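Analysis of the macromolecular model
Each chain, written out:
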Amino acid sequence: AAQERMVRELAAYAGIERGSRVADIGCGIGGSSRWLLRNLGCRTVGLSISGAQLREARRRGPDKGASWVRGDAARLPFAPGVFDAAWIVEC
């Protein structure tokens, strides 16, 4: 409940709009990505350097609209302008 409240409050503070395209940098097992998808209809791409975390994110979230990419936050594998927001929490 505390984690969900934190994500909700941070999304509101950041002005994440319904249907936004969000890069979840350092996504871990994808909790924030799934919340943004389910509650705001965002399309998310979670990025993690950890293959184990990405496997768990995929296992937990067969959600259409969320995808998972392995990569380094210091060298983002995304083209400029692809996302409306970058989400970096607890990373």
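See the structure above.
Below or above, wherever it landed, is the structure these notes cover. The shown structure was predicted, so the numbers you read here are calculated from the model rather than taken from an experiment. (Residues numbered from 1 in each chain as written. Predicted model: local features only at pLDDT ≥ 70, side-chain atom pairs only at ≥ 80, totals over all residues. Heavy atoms only, no water.)

**Some words on the side chain of D24**
You can see D24 is positioned in strand β1 (residues 21-25). Of the side chains with opposite charge, R34 comes closest to the buried, unpaired D24, at an N-O distance of 8.2 Å. (Helix = DSSP H or I, 4+ residues; strand = E, 2+ residues; numbered from the N terminus. Buried < 20%, exposed > 50% of the residue type's maximum accessible area, 1.4 Å probe, protein only. Lys, Arg positive; Asp, Glu negative; His and termini not counted. Salt bridge = Lys/Arg side-chain N within 4 Å of Asp/Glu carboxyl O.)

**Let's talk about the packing of helix α1 (residues 2-14) against helix α2 (residues 31-40)**
Closest axis-to-axis distance for the α1/α2 pair is 10 Å, and the angle between their directions is 65°. Taken as axis vectors, α1 and α2 run roughly perpendicular relative to one another. Where α1 crosses over α2, the two elements pack in a sense that is right-handed. Of the residues in α2, those in contact with E4, V7, R8 and A11 of α1 are S32, W35, L36 and L40. Considered class by class, the residues forming the contact of α1 with α2 number five nonpolar, one polar and two charged. (Axes fitted to C-alpha atoms, helices over the stretch in contact; angles between N-to-C directions. Parallel < 35°, antiparallel > 145°, perpendicular 65-115°, else oblique. Left-handed = near helix turned anticlockwise from the far one by under 90°. Contact = heavy atoms within 4.5 Å. Nonpolar A, V, L, I, M, F, W, Y, C, P; charged D, E, K, R; others polar.)

**Examining the sheet that holds strand β2 (residues 43-48)**
Within the open sheet, the four strands sit side by side as β3-β2-β1-β4. Their pairing is parallel. Looking at the sheet topology across the chains shown, the edges are occupied by β3 (66-70) and β4 (85-87). Within the sheet, the average angular offset between the axes of one strand and its neighbour, ignoring direction, is 25°. Across the sheet, helix α3 (residues 51-60) is in contact with β2 and β3; its angle to β3 comes to roughly 165°. (Pairing = 2+ DSSP bridges.)

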